[in-house]
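As a plain string of letters, each chain reads:
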Amino acid sequence: VHKFGGTSLADADCCRRVDALVGRFEPHHRAAIVVSAMGGMTDQLLAVANLAQSDMAASDELLLGLQSRYEAACGCLLDVKNRGAVLDAWRQDRDDIRDLVQAINLMGSAAQRTHDVISGYGEIWSSRLMAALLQQSMPDRKVAWVDARDILVVTQTRLGAAVKWPASRERLAEATAIHDADVIVVTGFIATDTEGKPT
């Protein structure tokens, strides 16, 4: 298992270095790559949510800036075929975020869970991009993208989130798409709580 933090994925050049590093793994080396959000992305997503409480226009402008950043990275790293699917998924996420921030704007505030959901998109975006890049550069190896919310179940305690190992192992066993992958790219930071809600 290899973990890459936000500074390792700050821009297209950083992503290329991670791609080159993974590409040097031996063919028999089965790897899980845990990916954080691109550097600064989580803070900016939280700012999108916070701005929406009082200034929807500024929130939307910041989200458009994130779109430009992500589209630029995809344009540098992915060919047209691979780029299209990644950007289509990103735009659906953007629309979901807009729905959330509009609700924040109407209420004038947001629950912690809403902030968690919005900030978690950064991990989703960077891991999708990295999975597509790795598959593009290693066409002879199978790369699988995994949203940790589909596997990892947690419960909140006084000390923070605690993993529910039996439920998580059961979900992992059912995730047949990843069992024959050579490289698995996994979102960091995010999970699903025992009520089935992203956290």
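Given the structure is predicted, the values throughout are model-derived calculations rather than measurements.

Novice: I'm lost on the pattern of salt bridges in this one. Help?
Specialist: Oppositely charged side chains are able to pair whenever their charged atoms sit close together. Considering all chains together, one arrives at nine salt bridges under this definition. Taking the shortest distance from any N to any O, the salt bridge between R94 and D95 comes out at 3.3 Å. On the accessibility criterion, R94 (13% relative accessible area) is buried. Between R149 and D147 there is a salt bridge, with the nearest N and O atoms lying 2.6 Å from each other. Members of the salt-bridge network, linked through shared partners, are E71, D88 and R91.

Novice: Whenever I open this one, the sheet that holds strand β1 (residues 2-4) confuses me. Can you help?
Specialist: Hydrogen bonds between backbone atoms are what pair the strands of a sheet, whose relative direction is either parallel or antiparallel. Ordered by their spatial adjacency, four strands build an open sheet running β1-β2-β6-β3, and the pairing between neighbours is parallel. Both outer strands of the open sheet, β1 and β3 (143-146), are each paired with one neighbouring strand and no more. Averaged over all pairs of adjacent strands, the angle between strand axes in this sheet comes to 20°, irrespective of strand direction. As defined by bridge partners, β3 adjoins strand β6 (residues 183-187) across four bridges and the pair is classed as parallel.

Novice: Please clarify how the sheet that holds strand β4 (residues 153-157) should be interpreted in this entry.
Specialist: The strand order across the open sheet built from three strands is β5-β4-β7, with neighbouring strands paired in mixed fashion. A strand with exactly one partner marks an edge of an open sheet, and here the two such strands are β5 (160-163) and β7 (192-193). Two elements, β4 and β7, share two bridges in a ladder whose sense is parallel. Among the inter-strand pairings, V154 is bridged to a residue of β7, identified as D193. Across the sheet, helix α6 (residues 165-174) lies against β4, β5 and β7, angled at about 160° from β4, the strand it touches most.

Novice: Mind showing me how you'd approach the packing of helix α3 (residues 56-77) against helix α4 (residues 80-107) here?
Specialist: A pair of packed helices can be characterised by two numbers: the angle between their axes and the separation between those axes. One way to put it is that α3 packs onto α4 with a least axis distance of 11 Å and a crossing angle of 165°. Relative to α4, the element α3 is oriented roughly antiparallel. The crossing of α3 and α4 is right-handed. Every residue of α4 that contacts α3 at M56, S59, D60, L63, L64, L66, Q67, Y70, E71, C74 and G75 is listed here: R83, V86, L87, W90, R91, R94, I97, R98, V101, Q102 and N105.

What counts, and where the lines are drawn
- Residues numbered from 1 in each chain as written.
- Predicted model: local features only at pLDDT ≥ 70, side-chain atom pairs only at ≥ 80, totals over all residues.
- Heavy atoms only, no water.
- Salt bridge = Lys/Arg side-chain N within 4 Å of Asp/Glu carboxyl O.
- Buried < 20%, exposed > 50% of the residue type's maximum accessible area, 1.4 Å probe, protein only.
- Pairing = 2+ DSSP bridges.
- Helix = DSSP H or I, 4+ residues; strand = E, 2+ residues; numbered from the N terminus.
- Axes fitted to C-alpha atoms, helices over the stretch in contact; angles between N-to-C directions.
- Contact = heavy atoms within 4.5 Å.
- Parallel < 35°, antiparallel > 145°, perpendicular 65-115°, else oblique.
- Left-handed = near helix turned anticlockwise from the far one by under 90°.

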